[in-house]
Number of protein chains: 4
Amino acid sequence: MAHSTPRGENPGAGAAGSGKRAQNKLENRRAILTAAREVFAEIGYEAASVRDIIGRTGLASGTFYNYYRSKEEIARAIASDAAERLRPILRAQREGATDFAGYLIGIIRVYFQFIVDEQLALHTTRQLAERYPRVRIQTPAAAAVFDELRSSIEFVMQRDPGLRVDVEYLTAAVIGVAREIGERMLARQPLDIDGAAAFAANLILRGLPAVPRVEP
Amino acid sequence: MAHSTPRGENPGAGAAGSGKRAQNKLENRRAILTAAREVFAEIGYEAASVRDIIGRTGLASGTFYNYYRSKEEIARAIASDAAERLRPILRAQREGATDFAGYLIGIIRVYFQFIVDEQLALHTTRQLAERYPRVRIQTPAAAAVFDELRSSIEFVMQRDPGLRVDVEYLTAAVIGVAREIGERMLARQPLDIDGAAAFAANLILRGLPAVPRVEP
Amino acid sequence: MAHSTPRGENPGAGAAGSGKRAQNKLENRRAILTAAREVFAEIGYEAASVRDIIGRTGLASGTFYNYYRSKEEIARAIASDAAERLRPILRAQREGATDFAGYLIGIIRVYFQFIVDEQLALHTTRQLAERYPRVRIQTPAAAAVFDELRSSIEFVMQRDPGLRVDVEYLTAAVIGVAREIGERMLARQPLDIDGAAAFAANLILRGLPAVPRVEP
Amino acid sequence: MAHSTPRGENPGAGAAGSGKRAQNKLENRRAILTAAREVFAEIGYEAASVRDIIGRTGLASGTFYNYYRSKEEIARAIASDAAERLRPILRAQREGATDFAGYLIGIIRVYFQFIVDEQLALHTTRQLAERYPRVRIQTPAAAAVFDELRSSIEFVMQRDPGLRVDVEYLTAAVIGVAREIGERMLARQPLDIDGAAAFAANLILRGLPAVPRVEP
DNA sequence: CATGAATGAGCATTCATTCAT
DNA sequence: AATGAATGAATGCTCATTCAT
């Protein structure tokens, strides 16, 4: 069925639609994963139902379980997929960097680029939840990405003997700055990755006075 | 809590809060609120069920609704309670501060103190939930507290004409730093609010070089 | 408490309000009964909650059970109360009547008068339910009243040897006509009990041609 | 029923109603509808729970919602199904009739036939519920059927210029007579639709004297 | 008696997951 | 594989009723 042509009757596959019924096992797997990423990003892991996810692919609900053992498993898959895509890029940055400053700028830019790509891949503009406790949408990928970021930063710090600071706190600060500024950046038009990265990196490296001035 | 009104059908019978009955009602109300704070902190708002909350108090499930109209209402109560306790402290900081640096240090310390108090109030060892996809637990209070923090920071920045920076990004950075360092601080023994606040404020004001050095 | 003065805080006792807290046991009993009649008439027996009823009296919910053992019992009380008030009037009609025609007119007028009084006593304009299956509101009294009516009619018929018709069907017809025309009558302004009774009685006694003509 | 659409997630897979699956689905749908009709007839719409309904089919409770979106929807389905089956028959009567008398007889017979068929479809011995306060059981179909009947009668009356009577009252009377006599008829053995219809129509058209005599 | 908080069964509905086709 | 109907536990919430005060 998934291999035949789509039927007009199928009401699933709305808007963001990865829709259309995929053509084979690999594509189905991808389609489900993408749909899950979308749905998690839109309404969060808890609020997302397996039906929400599978409905977007045009597949039947039972089919979900041919590809993923559970809702939990697909969340894990999304998380580790993101982490694994980010990891080599981070490593490259680490290896290419000559000093901590350069590394920091590089890593922040890489992270910003990554979340921009993710967002574009989703064809989704990130938004705060409509439902009550107006919280940040929970993406399974987010925690994984930050873990990745964290360990990369810590690794670099550990090998830099000139850095006599509290590594855990500094890492935390970098992550906090990246996360929050990254989110604001995504909401702005036009997109300015470099500007945001410069702001973040300068703030961390040289503090408030070093941060770019704006027109009065 | 602080600002939702009781739902008992008829608030007559002996003033409002004297007898053993009224006493007990207040205790139950507190017990439910505390239980809710705990459960939300442990598994997040969405995953928490009203039965989870009430179960912790030993009360019957219907009793929950004698005190709060819905799961959403108790979340709101928790959030606004936290916000309202934080607000005057933030305002005091704002009014007492002579320059941005002083203000920033003050506000960060206030925030750290606040989350320390909250944590103790929860009798809960904060744990980055070992649940499904490791997402950051969503606490109704957290969003409210950060909103409060954000508007306090923006208010101060707006009136400081020397601050020619991107206010939104700077606010985001402050919040990110406070949030992440605050969380690490909570996990450490012994508790060192001043150290953490000094780290965070120095980083933002003067950057990495200004941050306290550690022993090699 | 019910004996002290009413408190401004009490939000119960809306609109139709028999409200005010009754002054003693008998009055409380009456107040609850009246409130129940109102609520049943407004939203029907099933949809009515004991809290709806007691709320209208300003009494506490537990107090309901000092007067009636259950929601079912108060419905029964209302029903039999209505029946017992109607019974002697019907008997008087029966005893005063000389022929079936006179009796029929009398009994229909009595019934119409009764439902008018009931309606006025309720300060309620009868209305079809808002909730979905748009059904006739179910009043516990209605069935009882019709039973009363039915047995009165059957009693008269049984003793009238000239009436060689299917008594059960004729009774049913009288009841059907009375019920439906009575309901339409209640909705009209100005109230015209005699007109409605004449219509109903003439129709039954002499059929369509005997029914009052209207202006063209 | 007749006119609500299925809710299955994807109506593809083999046309619409051929295989054993589709067969079974239709049977379940019918079974649920029938069960609902029974339960509504026995204890009324309000008192009926979805579990009461689904329990009678042996299906699991969640399954109900594979077929109907809510308790309200199935009530609507039952009501409109009945109305839509009755409507064309009533229209045929209207169009075939040459005078009001003929029309009236026809319409009453049609209604009686209809409730007889319905009753058989229910496999239920109609019982004036021995429930709490003896209220007339509220069937979603009943209101719909009477609305249908009412508008058919009013339509005919409006176009008959010789009928100078209070149309609303006359309609009410017809409905009252049909409803009550119909109900008694259902309780009798053997079933005699024509006798009941003759009684009702004659009573309305020519009054008590015209009604069939019985043996002394 | 009156009060109103507490109770817990019950309700409509959702949802992850299973499994016959 | 894919399907989608079936499942039944779980959820938020209501309500008649009880009972300590």
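Residues numbered from 1 in each chain as written. Chains lettered and ligands numbered in written order. Predicted model: local features only at pLDDT ≥ 70, side-chain atom pairs only at ≥ 80, totals over all residues. Heavy atoms only, no water.

**Quick notes on the interface of chain D and chain C**
Thought 1: Across the contact, 52 residues belong to chain D and 52 residues belong to chain C.
Thought 2: The contact between chain D and chain C buries some 4,600 Å² in all, and 62% of this surface belongs to carbon and sulfur atoms.
Thought 3: Counting the surface chain D buries against chain C, the share from its top three residues, Arg164, Tyr169 and Leu208 of chain D, is 15%.
Thought 4: Inspection of the chain D/chain C interface yields six salt bridges.
Thought 5: Among the salt bridges present, the one from Glu168 of chain D reaches Arg188 of chain C, with a minimum N-O distance of 2.6 Å.
Thought 6: Counting residues per element, the ones that place at least two in the side of chain D that touches chain C are α4 (71-96), α6 (140-159), α7 (167-187) and α8 (193-206) of chain D.
Thought 7: Counting residues per element, the side of chain D that touches chain C draws most heavily on α7 of chain D, at 13 residues.
Thought 8: Taken together, the residues of the side of chain D that touches chain C sort by class into 32 nonpolar, four polar and 16 charged. (Contact = heavy atoms within 4.5 Å. Buried area = accessible area lost by both parts, 1.4 Å probe. Salt bridge = Lys/Arg side-chain N within 4 Å of Asp/Glu carboxyl O. Helix = DSSP H or I, 4+ residues; strand = E, 2+ residues; numbered from the N terminus. Nonpolar A, V, L, I, M, F, W, Y, C, P; charged D, E, K, R; others polar.)

**Quick look at the packing of α6 of chain D against α7 of chain D**
When two helices pack together, their arrangement is given by the angle between the helix axes and by the axis-to-axis distance.
Residues and elements named next belong to chain D.
Thought 1: With their axes 10 Å apart at the nearest point, α6 and α7 run at an angle of 135° to one another. When the axis of α6 is compared with that of α7, the two are oblique. The handedness of the crossing between α6 and α7 is right-handed. Every residue of α7 that contacts α6 at Phe146, Leu149, Arg150, Ile153, Glu154, Met157 and Gln158 is listed here: Val167, Leu170, Thr171, Val174, Ile175 and Arg179.
Thought 2: When the residues that make up the contact of α6 with α7 are grouped by side-chain class, the tally is eight nonpolar, two polar and three charged. (Axes fitted to C-alpha atoms, helices over the stretch in contact; angles between N-to-C directions. Parallel < 35°, antiparallel > 145°, perpendicular 65-115°, else oblique. Left-handed = near helix turned anticlockwise from the far one by under 90°.)

**Thoughts on the nonpolar core**
Thought 1: Judged by nonpolar contacts, the single largest core of 129 residues is most densely connected at Phe112 and Leu170 of chain C together with Phe112 and Leu170 of chain D.
Thought 2: Contacts of Leu170 of chain C, omitting those with residues within four sequence positions, involve Phe100, Met157, Leu163, Val165 and Ile204 of chain C together with Phe199, Leu203 and Leu208 of chain D.
Thought 3: If you look at the next biggest cluster of nonpolar residues, it comprises 128 residues, including Ile53 and Met157 of chain A together with Phe100 and Phe112 of chain B. (Core = buried A, V, L, I, M, F, W, Y, C linked by side-chain atoms within 4.5 Å. Buried < 20%, exposed > 50% of the residue type's maximum accessible area, 1.4 Å probe, protein only.)

**A closer look at the relation of the copies chain D and chain C**
Thought 1: Placing chain D over chain C gives an RMSD of 0.7 Å and needs a rotation angle of 177°, together with 0.0 Å of translation along the axis. On the angle and the small slide along the axis, the relation comes out as a two-fold axis.
Thought 2: Comparing contact sets, 94% of the residues at the interface of chain D also lie at the interface in chain C, consistent with an isologous, same-surface contact. (Least-squares fit on C-alpha atoms with pLDDT ≥ 70 in both.)

**Notes on the packing of aromatic side chains**
Thought 1: Tallying each qualifying case throughout the model produces 28 aromatic pairs over all chains.
Thought 2: Measuring from centroid to centroid gives 5.5 Å for Phe199 of chain A and Tyr169 of chain B, while their planes differ by 70°, and the two rings are edge-to-face. With one member in each of two chains, Phe199 of chain A in helix α8 (residues 193-206) and Tyr169 of chain B in helix α7 (residues 167-187) form a pair that bridges those chains. There is no split in this pair, since Phe199 of chain A and Tyr169 of chain B are both buried.
Thought 3: When the ring of Phe64 of chain C is compared with that of Tyr68 of chain C, the centres are 6.1 Å apart and the planes differ by 40°; the resulting orientation is tilted. Each of the two residues, Phe64 of chain C as well as Tyr68 of chain C, counts as buried.
Thought 4: Clustering of aromatic rings is evident, with ring pairs tying together Phe64, Tyr65 and Tyr68 of chain A.
Thought 5: Between Lys71 of chain B and the ring centre of Tyr45 of chain B, over which it is positioned, the NZ or CZ distance is 4.7 Å.
Thought 6: Over the ring of Tyr169 of chain C we find Arg188 of chain D; its NZ or CZ atom is 3.8 Å from the centre of that ring. (Phe/Tyr/Trp six-rings, centres within 6.5 Å; stacked < 30°, edge-to-face > 60°. Lys NZ or Arg CZ within 6 Å of the ring centre and 35° of its normal.)

**What about the pattern of salt bridges?**
Thought 1: Counted by the stated rule, this structure contains 61 salt bridges over all chains.
Thought 2: The partner of Arg56 of chain D in a salt bridge is Glu38 of chain D, and the shortest N-O contact between them spans 2.8 Å. In this pair, Arg56 of chain D sits in the loop between α2 (50-55) and α3 (61-67) while Glu38 of chain D sits in helix α1 (residues 20-43), placing the two residues 18 residues apart along the sequence.
Thought 3: When salt bridges with common partners are traced through the structure, they connect Arg136, Glu180, Glu183 and Arg184 of chain A together with Arg179 of chain B into a single cluster.

**Quick look at the packing of helix α4 (residues 71-96) of chain A against helix α5 (residues 100-122) of chain A**
Residue and element names in this part refer to chain A.
Thought 1: Where α4 contacts α5, the two axes come as close as 10 Å, and the packing angle between them is 155°. Our classification of the angle between α4 and α5 gives roughly antiparallel. For the element pair α4 and α5, the recorded crossing hand is right-handed. Between α4 and α5, the residues in contact are Ala82, Arg85, Leu86, Ile89, Leu90, Gln93 and Arg94 and Tyr103, Gly106, Ile107, Val110, Phe114 and Glu118, respectively.
Thought 2: Looking at the contact of α4 with α5 residue by residue, the class counts come to eight nonpolar, two polar and three charged.

**Things to note about unusual backbone geometry**
Thought 1: Of note, the amide linkage connecting Gln189 of chain B to Pro190 of chain B takes the cis form, showing an omega dihedral of -5°.
Thought 2: Take Pro190 of chain B: it is sitting in the loop between α7 and α8 (193-206).

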